[in-house]
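The chain contents come next:
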Amino acid sequence: MIEPIKFFTGKFNISISDIESLLGAALSKGGEYADLYFEYTTLDSLNLEEQLVKSANRAVRQGVGVRVISGEKTGYAYCDEIDVAAIRKAALTAAHIAESRQVGASVNVSSSRAARDLYPVGRLINDEPLPRKIELLNHIDRSSRAFDRRIREVQASLADEFKVVLIATSEGRLIGDAQPLARMRVMCIADDDGNLQSGVSGGGGRIGMDFFSEQLIDHYANEAARQAIVQLEAQDAPAGSMEVVLGPGWPGILLHEAVGHGLEADFNRKGTSAFSGLIGHKVASELCTVVDEGTMPNRRGSLNVDDEGNPTSQTVLIENGVLRGYLQDKLSSRLTKANLTGNGRRESYRHMPMPRMTNTYLLNGASTPDEIIRSVKRGLFAVQFGGGQVDITNGKFVFSATEAYLIEDGKVTAPVKGATLIGNGPDALTKVTAVANDLALDQGVGTCGKDGQSVPVGVGLPTIKISEMTVGGTK
Amino acid sequence: MITKELLSDTVKQAVRRGATDAEAIGVETTEFHVEVRLGEVEKLQEAASRGIGLRVLYQGRQASSSTSDVSPQAIDELISHAVEMAKLTSVDEAATLPARHELARETADLGLDDQAISELSTERKIEMARSAEAAARGADSRITNSEGAACSTTVGKIILVTSAGFAGEYPATTCALMVAPIAKEGDQMQMAAWGDRQRALASLDSPEALGREAARRALRKLNARKVATQEAPIVFESSAAEELLSDFFGAVDGYSIFRRASFLVGRLGETIAAPELTIIDDGRMCGAVGSRPFDGEGLASRLTVVVEKGILKNYLLNTYTARKLGLRSTANAARALIGAPTVGFSNFFIAPGVYRADEIIASVKNGFYVTEMIGFGFNAVTGDFSRGASGWWIEDGKLAFPVEEVTIAGNFRDMLRGITMIGDDLRFRGRIAAPTIKIDRMMVSGE
């Protein structure tokens, strides 16, 4: 496995004393804190459709981001070249955010190691020969088509990256990480005499090639095909307010939208979140305990250290219905004197870090999924979702069901078409009236967007019942 | 520095190493971004970035590579990656570069760069953001907080060189100003983000106008409530109509068509919408954000009528999708540094109608004036549409009370045919624009 400090000092001829001097340059206008983020990422992708591997792509992304904090202000600059002169220029640009004449103190860094290795990977997918990856996609194509003769088209893709980072801070920390990440995606289109429907599945994580066992990729292939076939029979979705049961796993996107974003510390520091000032208040039913956990092995949202070099952790956001804490990055924790939670993340060296989720999930309850379904007289059972979105300030959030069924007299009946569900973050979880014992994390496909930056995340949920939610169907 | 010569050498090297055809794109951009909040500078970002992308074909097989490192060694690896990978993908007969005769012969000057933007001082950019936020905060005592205001500029150039004989380059600038005030009344808070993005500084709305409009948009959301579930006519304010148009693009994108993943497959020449509706993509509008002299494959930009008086006239295509469909490219190839070209719109808009927005609202007895939408509930395969919405309820032709936490749903087939009025209020604030439109009925889901 790559040792990040050696990787950068060796490949780019940059020494530890260069790094110290660059941090000094970043603080030369009187900034209080500075960090450097070195990145070298290789991204591969491979796409199959119409039973052809239509393209193979490899991108190399490298550069260094320099950040300087002065009070509430942040200066940021980056360069694509990893060499001392270019980084120094960026450091001096970022330094200008501070306006004092004080000369910055000299900086000494000493290297440290992450406390754990959450993604030990024997063999990187990045290093796999292309024919082996191609065979995986061909296998998925055959498997999806074999599921049902009405599967007319299969698109399959494999995207994998390997990111090596080195973070140096003016507080003296020097820490690296080597982060593998891969995602398989399958989309099937079913055609029944002109009735066209689609289904999507996939998965991944911070994993190696062994993760994609034949059994697992068959599961993705069948799952995408199954969803498309189910939709062939779908009726119009209902409209109005009703009881909603969410299945386990990916429907955890509810938490991500309803409470997760609203609990990111930047919005709360500024008082612009619907959750601002609600710590210690009841924001959910006592059945709800929500955590954000960046330390789950091999998960898509996990990191050994966040993108500011701080260890990730498990943060309890809501405990038995009571709001406990926010997700912090360096800037917000400095300004609000809160403890770091290891949630400072960024898309790349071209981006400033900010508070972001990692893997966000709801803990198990005592009910069983069957009991929950049986308790509903008329409602919606939603098991697969597309994307979601939230208005942080008024708390209104949506997420779109792509596979859902009616519940009638305690039984799951007809499949219904996709529909958007809408709710209000600060009270959506107060309406959770049952939580089952079947917690599952999603399969590893989630990407979260905020302020134009995308980062990989995970979500998880056991089966839950919400007593009332607005379902945006047409009937 | 990335030059035509560098890309031309890269393409030649790729061909020398076995590629049948090659295409290189180079992008250089200097970007600046400043955010002001409550009058103080909060973030300031400045950087120059660049990248090269290479796409090669090897006997009908395709691969691509990209790098942000433009050293000779990195470019050497870029070429070998692409050529070696292309030997292993499938033969795809539709994957080709455009033929020589299809390529743009000259690089039209569309007024895409403005020296006033490249010369704009940091102090002035900070001042613009400050003024926009100050105007928003000064508009009403209920504007109590702010997510801030941002001024961003990009100054750059794009170069494309292909082995079929194309070599083009154009400079481009953009300037954007955004402001997001927060209105508060009782314990309710509402935020509205509003802004403008243009290629020329002089075209940008004034900071004061943007700030006042943002404040108006935040204030009018206060004290919103749900409504009962019902079918009702819907008036989409121009910015919401823009989002409908953006969803519609997914159904005329050539990739959706050849994949048969659109409800508009096989409908060319047929009536798909009310006769009021005309939709155009125009890559040549002078000084517009979506304009470019040539597309991502080197074809000269053009104007394409997508829908004319309700009749579907054209899909939007690049070379690949045109070949798959037996049609000609509409010069809508969009090229990122990495990957095969996709299809993208240039300046995409609904042609303005004859009604003033207030006349359209006045025509509704009981209905919903949608000013914002949220979420991703459009399925291009089926045309099914369901998204979160907020705005105002209309009673007897007047805006009666604000509405939030409801959804609107329907199917695009019916929605397009159900358009009964189109406004005259078309204004580009980016690459996509629509006037106010009215759809005769959709399902509103609330209480």
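Residues numbered from 1 in each chain as written. Chains lettered and ligands numbered in written order. Predicted model: local features only at pLDDT ≥ 70, side-chain atom pairs only at ≥ 80, totals over all residues.

1. Some details on the overall build of chain B
Each helix and strand in chain B was counted, giving 10 helices and 20 strands. Principal-axis analysis of the C-alpha atoms gives chain B an extent of 70 × 55 × 35 Å. Looking at chain B as a whole, 56% of its 447 residues are labelled buried. (Helix = DSSP H or I, 4+ residues; strand = E, 2+ residues; numbered from the N terminus. Buried ≥ 20, exposed ≤ 12 C-beta atoms within 10 Å, placed from the backbone.)

2. Looking at the domain arrangement of chain B
Residues and elements named next belong to chain B. Looking at the assigned domains, one finds that chain B contains domain 1 (4-219) and domain 2 (224-447). Contacts between the two partners involve 33 residues from domain 1 and, on the opposite side, 25 residues from domain 2. Those elements that place two or more of their residues in the side of domain 1 that touches domain 2 are strand E1 (21-37), strand E2 (40-58), strand E3 (61-67), strand E4 (143-162), strand E5 (167-185) and strand E7 (194-198). Per-class residue counts for the side of domain 1 that touches domain 2 are 15 nonpolar, 13 polar and 5 charged. (Domains from an automatic or database assignment. Contact = placed C-beta atoms within 7 Å. Nonpolar A, V, L, I, M, F, W, Y, C, P; charged D, E, K, R; others polar.)

3. Describing the interface of chain B and chain A
Contacts between chain B and chain A engage 60 residues on the former and 61 residues on the latter. Where the side of chain B that touches chain A is concerned, the elements lending two or more residues are E2, E3, helix H2 (72-86), E4, strand E6 (188-191), strand E16 (384-395), strand E17 (398-411) and strand E20 (437-445) of chain B. Considering every element that reaches the side of chain B that touches chain A, the biggest residue donor is E2(B), with 10 residues. Classifying every residue of the side of chain B that touches chain A by side-chain character gives 20 nonpolar, 25 polar and 15 charged. Across 5 bridges, strand E2 (residues 52-70) of chain A lies against E3(B) in parallel orientation. The partner of Ala56(A) across the bridge, within E3(B), is Ala63(B). (Pairing = 2+ DSSP bridges.)

4. Some words on the environment of Gly176(A)
Residues and elements named next belong to chain A. Within the secondary structure, Gly176 sits in strand E6 (residues 173-192). By the C-beta count within 10 Å, which is 24 here, Gly176 ends up buried. Along the backbone, Gly176 and Ser111 are 65 residues apart, and their C-alpha atoms lie at a distance of 8.6 Å. Ignoring any residue separated from it by four or fewer positions in sequence, one finds Gly176 in contact with Pro4, Ile5, Val165 and Leu166.

5. As for helix H5 (residues 207-219) of chain B
Residues and elements named next belong to chain B. Between its first and last C-alpha atoms H5 spans 18 Å; for 13 residues at 1.5 Å apiece the expected length is 18 Å, and the two agree. All buried positions along H5 are accounted for by Pro207, Leu210, Gly211, Arg212, Glu213, Ala214, Ala215, Arg217 and Ala218. Residues of H5 that are buried in the fold lie against helix H4 (122-138), E4, E5, E6 and E7. (Expected span 1.5 Å × (residues − 1).)

6. Let's talk about the pairing of strand E22 (residues 453-456) of chain A
All names here are of chain A. Looking at chain direction, strand E21 (residues 447-450) and E22 are connected through 4 bridges and run antiparallel. Within the sheet, the bridge partner assigned to Thr447 lies in E22 and is Pro456. Adjacent in sequence and paired antiparallel, E21 and E22 are bridged by 2 residues, among which Asp451 carries a positive phi angle near 50°.

7. As for the pairing of strand E8 (residues 230-236) of chain B
Residues and elements named next belong to chain B. In terms of burial, E8 is largely enclosed, as 5 of its 7 residues are buried. Here 6 bridges tie E8 to E20, and the two strands are oriented antiparallel to one another. Note on E20: the bridge partner recorded for Ala232 is Met442. Of the strand pairs in this sheet, E8 and strand E15 (residues 366-374) are connected by 3 bridges, and their pairing is parallel. Note that in E15 the partner of Phe236 across the bridge is Val370.

8. A few points about the sheet that holds strand E9 (residues 279-282) of chain B
Residues and elements named next belong to chain B. Pairing within the open sheet is mixed, and its 5 strands lie in the order E11-E10-E9-E14-E19. Whereas interior strands pair on both sides, the edge strands pair on one side only; in this sheet they are strand E11 (311-312) and strand E19 (432-433). Here strand E10 (residues 303-308) pairs with E11 via 2 bridges, running antiparallel. Opposite Glu308, over in E11, you have Ile311 as the bridge partner.

9. A few points about the nonpolar core
Ala26(A), Val64(A), Val66(A) and Val56(B) are the most contacted members of the largest nonpolar core, which has 276 residues in total. Beyond its immediate sequence surroundings of up to four residues, Ala26(A) is in contact with Gly31(A), Ala34(A), Val66(A), Val68(A), Ala91(A), Ala94(A) and Ala95(A). Among the nonpolar cores identified, the runner-up in size contains 6 residues, and Val121(A), Ile125(A), Leu181(A) and Ile207(A) belong to it. (Core = buried A, V, L, I, M, F, W, Y, C linked by C-beta atoms within 7 Å.)

10. Quick word on helix H4 (residues 130-147) of chain A
Residues and elements named next belong to chain A. Taking 1.5 Å of rise per residue, 18 residues should cover 26 Å, and H4 covers 26 Å from first to last C-alpha, within 8% of that figure. Lys133, Leu136, Leu137, Ile140, Asp141, Ser143, Ser144 and Phe147 are the residues of H4 that are buried. Contacts made by the buried residues of H4 are with strand E1 (33-49), E2, strand E5 (151-169), E6 and helix H5 (214-232).

11. Observations regarding the environment of Met128(B)
Residues and elements named next belong to chain B. Here Met128 shows up in helix H4. By the C-beta count within 10 Å, which is 23 here, Met128 ends up buried. Sequence-wise, Met128 and Thr271 are 143 residues apart; in three dimensions their C-alpha atoms are separated by 47 Å. Filtering out sequence-adjacent residues up to four positions away, Met128 remains in contact with Cys151, Leu177 and Pro207.

12. Thoughts on unusual backbone geometry
The backbone of Glu50(A) sits at a positive phi, close to 50°, despite the residue not being glycine. By the secondary structure assignment, Glu50(A) is in the loop between E1 and E2. At Lys309(B), a residue that is not glycine, the phi angle is positive and equals roughly 45°. As for its placement among the helices and strands, Lys309(B) is situated in the loop between E10 and E11. The exposure class assigned to Lys309(B) is partly exposed, which follows from the 14 C-beta atoms found within 10 Å.

13. Looking at the sheet that holds strand E23 (residues 458-461) of chain A
Residues and elements named next belong to chain A. Overall, mixed pairing links the 6 strands, which are arranged E11-E10-E9-E14-E23-E20 in an open sheet. In this open sheet, the two edge strands, each paired with only one partner strand, are strand E11 (322-323) and strand E20 (440-441). Summarising the sheet, strand E9 (residues 290-293) and strand E14 (residues 359-362) pair through 3 bridges and their orientation is antiparallel. Directly across from Asp292, in E14, lies its bridge partner Thr360.

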